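The primary structure of each chain is shown beneath.
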Amino acid sequence: LPPPAAASPPQRPTSGRMSAELSPQVVVNTEELDAARGRVTALEQQLADSRKDADEARAALVGGNADSAAAIALEQKSKEVSALRSDLERMREELKGARSQAAQLREAAATAAAVPAKPTASSPSASSGNAPVADTEAVQAMQQQMQQLKRQRDEAVQNYQNLLRNSTWGAGTTPSASSGAQPRPSISAQSAARARNVDIQLVGAVGVGKSWLLQGLIKACDPAESNKFEDQRSNLIAHYTIKVGGRPLKILDCSGNPRASRLVKEWFGKTKWVVVVYDLCSKDSLNHAISELLPQVAEAGAQVVLFGNKGYYHRDKPEVNLNEMLVLAKDAGAKNRAFVDEGDDLNPTVSKIMSEIASSAKGQDYSFKPENRGSVDMRHSESSDAKQDPRRGSVMDSVTGFMKSMLGANPTGTDKSRRGNEGVLRPSLKGPKSMRQTRPEAIADLRPVQKLHETESAITCICFGQERIRKAYILLVAASKDGNVVVYRCYRTEMEQHMLAGQDFQGEEGPAHPTGDHSNIAVHSRLMGHTRAITSCFFSLLEEQLVTTSIDKSVRFWQVDTGEMVKVFTDSSPIPVAAFLPFNPQVFVAANSNAVLRLVNVQNGGVLQKLKVETEVRSLKFDDTGLFLLAGTKNGSIHVLEASDSSSLKFKFKVQLARGGVTCITFVPARADAGGQSPPCLLVNTADSSVTIIDCTYGPPAGVLTNLTVRHRVKVAHSLLPLKCCYSPSGPGYLISGSEDNEVYIYSLARTSNYKMQFLKHHEVPVVAVAVNQMDTLLASADSLGQIVLWRRMDFSHIAE
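Calculation criteria
- Residue positions are given per chain, counting from 1 as you read along its sequence in written order.
- Where totals are concerned, whole chains, interfaces and linings use all residues; where local detail is concerned, this predicted model gives features only for residues with pLDDT of at least 70, and gives and counts side-chain atom pairs only at 80 or more.
- Water and hydrogen atoms were dropped before computing side-chain values, which therefore reflect all heavy atoms in the structure.
- For the purposes of this entry, the term helix denotes a DSSP run of H or I that reaches at least four residues, the term strand denotes a run of E that reaches at least two, and both are numbered from the N terminus.
- Any two residues having at least one pair of non-hydrogen atoms within 4.5 Å are treated as being in contact.
- Surface accessibility follows the Shrake-Rupley procedure with a 1.4 Å probe radius. Residue values consider only the protein chains on display as shielding.
- Each helix should span, by expectation, one fewer than its residue count multiplied by 1.5 Å.
- To get the bend at a given residue, fit one axis to the seven residues ending there, fit another to the seven starting there, and take the angle between those axes.
- Accessible area is worked out with a 1.4 Å probe on protein chains only. A residue is then buried under 20% of its type maximum, exposed over 50%, and partly exposed in between.
- A pair of aromatic rings is counted whenever rings of Phe, Tyr or Trp (Trp by its six-membered ring) have centres within 6.5 Å, and the orientation is called stacked for planes under 30 degrees apart, edge-to-face for over 60 and tilted otherwise.
- The rule for a charge over a ring is simple: NZ of Lys or CZ of Arg within 6 Å of the ring centre, and within 35 degrees of the ring normal.
- One bridge is not enough; two strands pair if DSSP finds at least two bridges between them.
- Axis geometry follows a simple rule: fit a line to the C-alpha atoms, using only the stretch in contact for helices, then measure angles between N-to-C directions, giving values from 0 to 180 degrees.
- With respect to orientation, any angle under 35 degrees is reported as roughly parallel, any angle over 145 as roughly antiparallel, any angle of 65 to 115 as roughly perpendicular, and every other angle as oblique.
- Lys, Arg, Asp and Glu make up the charged group, whereas Ala, Val, Leu, Ile, Met, Phe, Trp, Tyr, Cys and Pro make up the nonpolar group; the residues left over, Gly among them, are polar.
- What is meant by a nonpolar core is a set of buried Ala, Val, Leu, Ile, Met, Phe, Trp, Tyr and Cys residues, joined one to another through side-chain atoms within 4.5 Å.
- Only four residue types enter the tally: Lys and Arg on the positive side, Asp and Glu on the negative side, with His and both chain ends excluded.
- A side-chain nitrogen of Lys or Arg and a carboxyl oxygen of Asp or Glu constitute a salt bridge if their distance falls within 4 Å.
- Here a polar contact is taken to be a pair of N or O atoms separated by no more than 3.5 Å, where protein atoms must pair a possible hydrogen donor with a possible acceptor and residues adjacent in sequence count only if both atoms sit in side chains.

Enquirer: Any chance you could break down the overall build of the chain for me, citing the residues and the numbers?
Expert: Of the regular secondary structure elements, the chain holds 16 helices and 37 strands. Sequence separation of 24 or more characterises 62% of the internal contacts of the chain that already satisfy a separation of 6 or more. Surface accessibility of the chain: about 35,000 Å² in total, with carbon and sulfur atoms responsible for 52%.

So this is what it looks like as structure tokens:
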């Protein structure tokens, strides 16, 4: 527009003038975006060509042509991907500049729109104001294209690296041997490696031939173990230690029974290598391995081999497309960072795994956590070590893999959320503002939410059921001095249901919450048959049965849902305690008051072994490896016994702990706290008014319990009753114990807290038993007058500060 006449007074520019001045800039910016879009299209074509070449190289590898030419071709593809990455980085900078210009144009247009203008004949068309809008849409389209290109680039790079790993594996060389010198792993990585005390775990669907492959391996490498294999092959989980090349190898053979899937998953976090077996004649078995097992192993952070069993293929000669199956397996291996192998003999695969294990033992670390599985660099780095999870799992606690996913840090990052993670229990019930307290204590938000009083007789023991059996509720068992047992249903709160969203459950849905009843508790069943005080109670591994021991000299098995007594085993004297063998649920160990331990077969009642102890055993607990049994005695000592196989125990060593008798042993897995790496430990109640915290030392050799060392003793009023303790893993971890002065004692296990003591006061008589559910959301305390109090941690995050 021409400038105003000199005689005219100064005027503010109108919005029409502003739009006219912006139009040339918009045209230029649009032309730049069009040029950038053309370059992106060219890059997309280059990526498509590279992907096609990579697919051809992968097909050559599947066909067995993994020669040097294929390796050179793959290396060339890597260089091309690197060049494409550089081009994409340059494009990103250009897009950033275009985005900045578009923002300036939008700001200028907004300023122009805010200025009132008088329509004139020389004003430009209103359509010129649409240019910034079109420019914004173009920028958004460019952003989407760039994000898609980045995903394609990352996928191509990862698939290339995984194919290269599998080509070296198939050639008989391990990645550790071909990746050069490795830095020594950090202490946290070494601790995590020590937590994995099983070398190889065999898993797969029913009928894929796992046991057949293992039988061949045992016959070839260690025939002396063949009889043991035949005795244990029917177990849900069978443990073997065989010698391969003169080196002992710990192997778990896991059943493909769906009811045992939760138990199998627990061991992924404690196994170095998981071999997922599928049948090359069955596409369903491969799909099960890909969709179910590989993601679970990835979540646990173990190394994995996807193994195709050719035994049935060679025998039956089915009409299946073998190459198609192998291509599917290799694609799944590339996506899940799994090595892929096939054959009718495990020996070659085991040899490669042993080579990897030997390399790791020399200071190299190749394990990776789920968050690192997108990485393409197999070499060790300090940052990856920092992400290693040093916590050990717990067989007898039954839901370790589940708790690993459930006990992570609160992502909000607020001070309020951090306080929620530091207290006893996890918040599970929203509380009103009137109940909120500002005290910083770990128990400040704990509240009694329910009282149960079914009997006037003292409660002697309580225990919770497993979390992933029933979706609507968990079970709570209370056994009393008069010989009666009550099984309760504890219905989940809305917060607990939200925590469990998306989780799979092994059992039936179960009855819904009782209508018209505001209580969160209902009686599930009543078990009547004992004539004297019950001394211990525990569920079977699949929770279909409950086992109780009693002063009336019997061990009884009950059907949980109906309350029917299904089996009775009698002894010559009272039975203080019993426990299942972790690797053989068909055998239990029972202690009587004559200081005799018996291993009993559940099916026929046959006594497999008798062991004489120096005095009466009153507490039994297996560690999280399932190989070592800790037996607390009447005179205050702890005997360590090794479950060398599924039908015998042998003494290892003894530790004299206190003058008072041991009444309870709780095993706590290793974990990291503010003071550093905390080893596995025991929490032991003794009738000398104390609870002792004992560190467990494993190795050498690795995975073998070699010593128990007292870390600290805390005071609890205890001189007469068989008091129990339990463990809450929230925050730094807490010891919770009953007492004879009517209070629930709580101690922080953090070394930096100086073992601070706190109390829960609600009972009017001695508190005999305490228990925490596996989700760590519900605490139960029971007293000598038959009353049970349920405690929850209130959540006040919905209330504004």
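Now that the structure is up, let's keep going.
Enquirer: Give a detailed account of helix 9 (residues 283-300), specifying residues and quantitative values.
Expert: Because the α-helix completes a turn every 3.6 residues, residues three or four places apart line up on one side. For helix 9, built from 18 residues, the straight-helix expectation of 26 Å at 1.5 Å per residue is met to within 8% by its first-to-last C-alpha distance of 25 Å. Most pronounced at Leu-293, the bend in helix 9 amounts to some 35°, and the proline Pro-295 follows within four residues. Along helix 9, the positions that sit buried rather than exposed are Ser-285, Leu-286, Ala-289, Leu-293, Leu-294, Val-297, Ala-298 and Ala-300. Summarising the contacts, the buried residues of helix 9 are in contact with strand 1 (198-204), strand 4 (271-279), strand 5 (303-309) and helix 11 (322-336).

Enquirer: So what's going on with the environment of Phe-464? Which residues, and what values?
Expert: Within the secondary structure, Phe-464 sits in strand 9 (residues 459-464). Taking the C-alpha atoms as reference, Phe-464 lies 9.9 Å from Arg-489; in sequence the two are 25 residues apart. Apart from the residues within four sequence positions on either side, Phe-464 is in contact with Ile-474, Leu-475, Leu-476, Cys-490, Phe-539, Ala-771, Val-772, Asn-773, Leu-778 and Ala-780.

Enquirer: So what's going on with the packing of aromatic side chains? Residues and values would help.
Expert: With the rule as written, the count across this model stands at 10 aromatic pairs. A centroid spacing of 5.7 Å and a plane angle of 40° characterise the contact between Phe-229 and Tyr-240, whose relative ring orientation is tilted. Of this pair, Phe-229 sits in helix 7 (residues 226-232) while Tyr-240 sits in strand 2 (residues 237-244), and the two are 11 residues apart along the sequence. Across the pair, Tyr-240 and Phe-229 agree in class, each one buried. Feature note: the residues Phe-538, Phe-557, Phe-569, Phe-580 and Phe-588 constitute an aromatic cluster, connected by ring pairs. Positioned above the aromatic ring of Trp-267, the side-chain terminus of Lys-270 is 4.5 Å from the ring centre. Here Arg-489 stacks its cationic end above the ring of Tyr-473, 5.5 Å away from the centre of that ring.

Enquirer: Which residues make up the pairing of strand 23 (residues 637-645), and what values go with them?
Expert: With seven of nine residues buried, strand 23 is to be regarded as a mostly interior element. Here strand 22 (residues 628-633) folds back onto strand 23 in antiparallel fashion, the turn holding three residues, of which Gly-636 has a positive phi close to 90°. As paired elements, strand 23 and strand 24 (residues 648-656) share seven bridges and run antiparallel to each other. Bridge assignment links Glu-642 to a residue of strand 24, and that residue is Lys-650.

Enquirer: I'd like a description of the packing of helix 9 against helix 11, backed by residues and values.
Expert: A pair of packed helices is captured by two measures, namely the crossing angle of their axes and the spacing between those axes. In the contact formed by helix 9 and helix 11, the axes pass within 11 Å of each other and the chain directions differ by 0°. The angle between the axes of helix 9 and helix 11 places the two elements in the roughly parallel class. Residues Lys-283, Leu-286, Ile-290, Leu-294 and Pro-295 of helix 9 lie in contact with helix 11, whose contacting residues are Glu-324, Met-325, Leu-328, Ala-329, Ala-332 and Asn-336. The residue makeup of the contact of helix 9 with helix 11, split by class, is eight nonpolar, one polar and two charged.

Enquirer: Now, about the sheet that holds strand 11 (residues 485-491): what can you tell me, with residues and values included?
Expert: The strand order 9-10-11-12 describes an open sheet built from four strands, whose pairing is antiparallel. Taken across any chain shown, the strands that pair with only one partner, and hence form the sheet edges, are strand 9 and strand 12 (521-527). Here the average twist between neighbouring strands, direction ignored, is 20°. Direction of pairing for strand 11 relative to strand 12: antiparallel, over a ladder of six bridges. Across the sheet, Arg-489 pairs through a bridge with Ala-522, a residue of strand 12.

Enquirer: Tell me what's going on with the nonpolar core, and back it up with residues and numbers.
Expert: Nonpolar side chains in soluble globular proteins tend to be buried together. By size, the foremost hydrophobic cluster in this structure holds 53 residues, and its most contacted members are Val-276, Leu-306, Leu-630, Leu-682 and Leu-708. Tallying contributions element by element places helix 9 first for this core, with six residues. Core analysis: the next-biggest nonpolar cluster, separate from the first, contains 26 residues, Phe-229, Val-305, Phe-307 and Ile-353 among them.

Enquirer: Describe unusual backbone geometry, and please don't skip the residues or the numbers.
Expert: With the exception of glycine, the majority of residues adopt a negative phi angle, and the majority of peptide bonds are in the trans configuration. In this chain, Gly-699 is followed by Pro-700 through a cis amide linkage whose omega measures -10°. The residue Pro-700 is located in the loop between strand 29 (690-698) and strand 30 (705-715) in this model. Residues other than glycine seldom take positive phi values, yet Ser-689 does so here, at roughly 60°. Relative to the helices and strands, Ser-689 is located in the loop between strand 28 (681-686) and strand 29. Located in the positive-phi region is Asn-742, a residue other than glycine, with phi close to 75°. Relative to the helices and strands, Asn-742 is located in the loop between strand 32 (734-737) and strand 33 (743-748). Judged by relative accessible area, Asn-742 falls into the partly exposed class, the value being 25%.

Enquirer: Which residues make up the sheet that holds strand 1, and what are the values?
Expert: One open sheet accounts for six strands, arranged 2-3-1-4-5-6; its pairing is mixed. The open sheet has two free edges, formed respectively by strand 2 and strand 6 (339-343), since each of these has just one partner strand. Ignoring strand direction, the axes of neighbouring strands in this sheet form an average angle of 25°. Bridge count for strand 1 against strand 4 is six bridges, and the pairing is parallel. Bridge assignment links Ile-200 to a residue of strand 4, and that residue is Trp-273. Across the sheet, helix 9 lies against strand 1, strand 4 and strand 5, angled at about 165° from strand 4, the strand it touches most.

Enquirer: How would you summarise the side chain of Asp-776 if you had to cite specific residues and measurements?
Expert: You can see Asp-776 is positioned in the loop between strand 35 (767-772) and strand 36 (779-783). Put simply, Asp-776 is tucked away with no salt bridge, and the nearest opposite charge, on Arg-426, sits 6.1 Å away. Of the polar contacts made by the side chain of Asp-776, one reaches the side chain of Ser-728; its length is 2.9 Å. A polar side-chain atom of Asp-776 sits 2.2 Å from a polar atom in the side chain of Ser-730. Residue contacts for Asp-776: discarding those within four places in its chain leaves Leu-425, Arg-426, Ser-728, Pro-729 and Ser-730.

Enquirer: So what's going on with the pairing of strand 32? Residues and values would help.
Expert: Looking along a regular strand, one sees side chains alternate from face to face of the sheet. Going residue by residue along strand 32, you find Tyr-734 and Ile-736 tucked away on one face and Leu-735 and Ser-737 tucked away on the opposite face as well. Taken together, the four bridges between strand 31 (residues 725-728) and strand 32 define a ladder with antiparallel strand orientation. Looking at strand 32, one finds that Ser-728 is bridged to Tyr-734. Hairpin geometry of strand 31 and strand 32 is characterised by an intervening segment of five residues between the two adjacent antiparallel strands and by a positive phi of about 55° at Gly-731. Sheet analysis places strand 32 next to strand 33, joined by four bridges and oriented antiparallel. Directly across from Ile-736, in strand 33, lies its bridge partner Ile-746. What sits between the antiparallel neighbours strand 32 and strand 33 is a turn of five residues, in which Asn-742 has the positive phi angle 75°.

Enquirer: Describe the pattern of salt bridges, listing the residues and the values that go with them.
Expert: Evaluation of the coordinates by the stated rule reveals 19 salt bridges. For Lys-283, the salt bridge identified is with Glu-324, shortest N-O distance 3.5 Å. In this pair, Lys-283 is assigned in helix 9 and Glu-324 in helix 11, connecting sequence segments 41 residues apart. Using a relative accessible area of 40% as the deciding quantity, one classes Lys-283 as partly exposed. Looking at Glu-324, the relative accessible area reads 38%, which means it is partly exposed.

Enquirer: Can you explain the environment of Asn-235? Please cite residues and give values.
Expert: By the element assignment, Asn-235 lies in the loop between helix 7 and strand 2. Since its relative accessible area comes to 10%, Asn-235 is described here as buried. Along the primary structure Asn-235 and Asn-584 are separated by 349 residues, whereas in three dimensions their C-alpha atoms are 6.1 Å apart.

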